[in-house]
Structure formats: C-alpha cells, structure tokens
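# Structural characterization, general
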Amino acid sequence: MKINVFNKGFHYSQDGHGNRLVIHLQGCNLRCPWCANPEGLEMGGIMMQKQENRPPRLSCEEWEIEDLLKLCRESSSLFFDGGGVTFTGGEPTMQNEALRQALEALGEMGIHTVLETNATSVTLPDLFPLVGQLIMDFKTADPKKHQMVLGPGGKILIKNIQTALENHRDLLIRFPLIYGFNTSEDDLDGFLSVIGEGPKPHGVFEFLPYHEFGREKWRQCGLEYHQQKAYVPEETLRVFEEAFRNHHLQVAHT
Ligand code: SF4
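Below is a summary of the structure that appears in this document.

Moving on, we come to unusual backbone geometry. Look at the link from glycine 89 to glycine 90: it is a cis peptide, with omega at 10°. Within the secondary structure layout, glycine 90 lies in the loop between strand 6 (84-88) and helix 2 (96-109). One non-glycine residue, histidine 248, adopts positive backbone phi at about 65°. Looking at the secondary structure, you find histidine 248 in the loop between helix 8 (234-246) and strand 11 (250-251). For histidine 248, a relative accessible area of 61% gives the class exposed.

What follows is the structure, given as structure tokens:
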C-alpha cells in the first residue's frame, strides 16, 4: 500500500516524547486560515513555486509503506528519551488505512508511536489502541464557528476529545490560540465545559499562541494568506493557563 508524505525529519520533544522521526502525511479536511503547512492540504499535493536553489516541485512524495517502515526501523537508534515515530499532517487520518497499517507494524516492532490530529474523523477512536501518545488539536468548542471558519467536524471533535479523555492513557490536547477567533471568555468556558470537571490523570493541556510561520509557505504554494494578524496578548495566555490550573488541569509547555 502507498502513503503520501510531504515532509519528514527529526524533532526533539515538540511532536511527542523524546527524539522522533516526524512524518507529515498529505491531505487535510480542514482549511484553518493560519495553517503553517499549506503544502499539506490537498490530497494530491500542490506545486511549490521555484525557490532560490530549487526548481518548482510537487509538495508530496508517494512512498510504499514497507519503505517508510524500513526507514523507521533503520532510524530506531535515534529514538532516545522515549522517542519514536510521529504521524502528523495535514491530517493523518485522511490516509486512514495506510496510517492504521503503519501504526500496527510499528507497534509490532516495539517502536513508540504518536499521532497528531485535528480530531474530526469519526473513526479516530478506532486508532487509539495503536497510538502510544495522542496529540489532539482543540480549536473551538463551538461547532457552528468550526464549520464557518475551519470546516465541518466540530461536533465529532468534541466527542473525540471526550472519548480520548476517558480512554487514552497518554493524551496531550493543544489549543492554538488565535486572537479574535477563540480567545474570549466564552471560548475559554467552552473549552472547559467540553473537558469537564475533575482531574484528568492521563491528560495534559498546552496553549499555542498564534504565529505566522506559515505565511511564506502560502506564497510558495501560490496561495494568498488571508489570516489577519492574530497575536495573543500575554495576559490572555496567562488567563487561559490560570483557568486550567484552577480546574486542576496540568498545563504543559513542550
Ligand atoms: S487542521 Fe492543521 S493541517 Fe489542517 S488546515 Fe488546520 S492547521 Fe492546517
């Protein structure tokens, strides 16, 4: 079976525990205006414009799963400090069957796996047993706003977050904070109401303030970056983190 990859490389601790081979799978069902990986959005890839020393090129490469698994196996000496392989995107569940096969095979090899997901796939919980650490993006608790700004799946996202909080043993929920989109008191209340009362012994929570790392890539993809500047005041970040701590939720900075 084949799997489409638009980027891969090693990262330490930002995409899961330890040193990891991070594999970006092509395709995403959402269209977040601030997306930092616009080259990963279209299932078939996108032509990246000519850059200084590089000719125009298609964003993604097609890999045989066996070849990708071989690369993972050969990289295993670099998986220190609890590292392993992370699948991210785009949205990795867009290639669900290939992803499932890869996760199963890595589990059989004893390689730790992380899945980073926008959590809007209805079949996501089927993958939970195959994933060592689950990293879920939580952008809004308002399904209508989700639909209007990002795309469909806002209700599924909430259900998946709650299922993961009940069932997954190693969960990181990340909140990209975008000023004017999800930084009001109502937004904060919405996040907390989905997460629910009581400590979450297997869950940690991280707020990621808006950045513009993707802006240049939108240009390289021949796309216009429509997101208005949405930097989050320090005070807003502090209020969100404090509110979570006051609810006995563990706030992380990875
Ligand atoms: S879910 Fe992630 S990859 Fe997809 S559009 Fe949003 S930020 Fe980009």
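Continuing now.
Turning next to the environment of aspartate 142. Relative to the assigned elements, aspartate 142 resides in the loop between strand 8 (133-137) and helix 4 (143-150). For the pair formed by aspartate 142 and glutamate 197, sequence separation is 55 residues and the distance between their alpha carbons is 19 Å. Within the structure, aspartate 142 has its side chain in polar contact with the backbone nitrogen of lysine 144 (distance 2.9 Å).

With mixed pairing, nine strands are arranged side by side in an open sheet as 5-1-2-6-7-8-9-10-11. Both outer strands of the open sheet, strand 5 (61-64) and strand 11, are each paired with one neighbouring strand and no more. In terms of strand pairing, strand 1 (residues 2-12) meets strand 5 through four bridges, oriented antiparallel. When the sheet's bridge partners are listed, valine 5 is paired in strand 5 with glutamate 61. On top of the sheet, helix 1 (residues 65-74) reaches strand 1, strand 2 (19-25), strand 5 and strand 6; it is set at about 85° to strand 5, its chief contact.

Scoring rules and cut-offs
- Residues numbered from 1 in each chain as written.
- Predicted model: local features only at pLDDT ≥ 70, side-chain atom pairs only at ≥ 80, totals over all residues.
- Heavy atoms only, no water.
- Helix = DSSP H or I, 4+ residues; strand = E, 2+ residues; numbered from the N terminus.
- Buried < 20%, exposed > 50% of the residue type's maximum accessible area, 1.4 Å probe, protein only.
- Polar contact = N/O pair within 3.5 Å; in protein donor to acceptor, adjacent residues only side chain to side chain.
- Pairing = 2+ DSSP bridges.
- Contact = heavy atoms within 4.5 Å.
- Axes fitted to C-alpha atoms, helices over the stretch in contact; angles between N-to-C directions.

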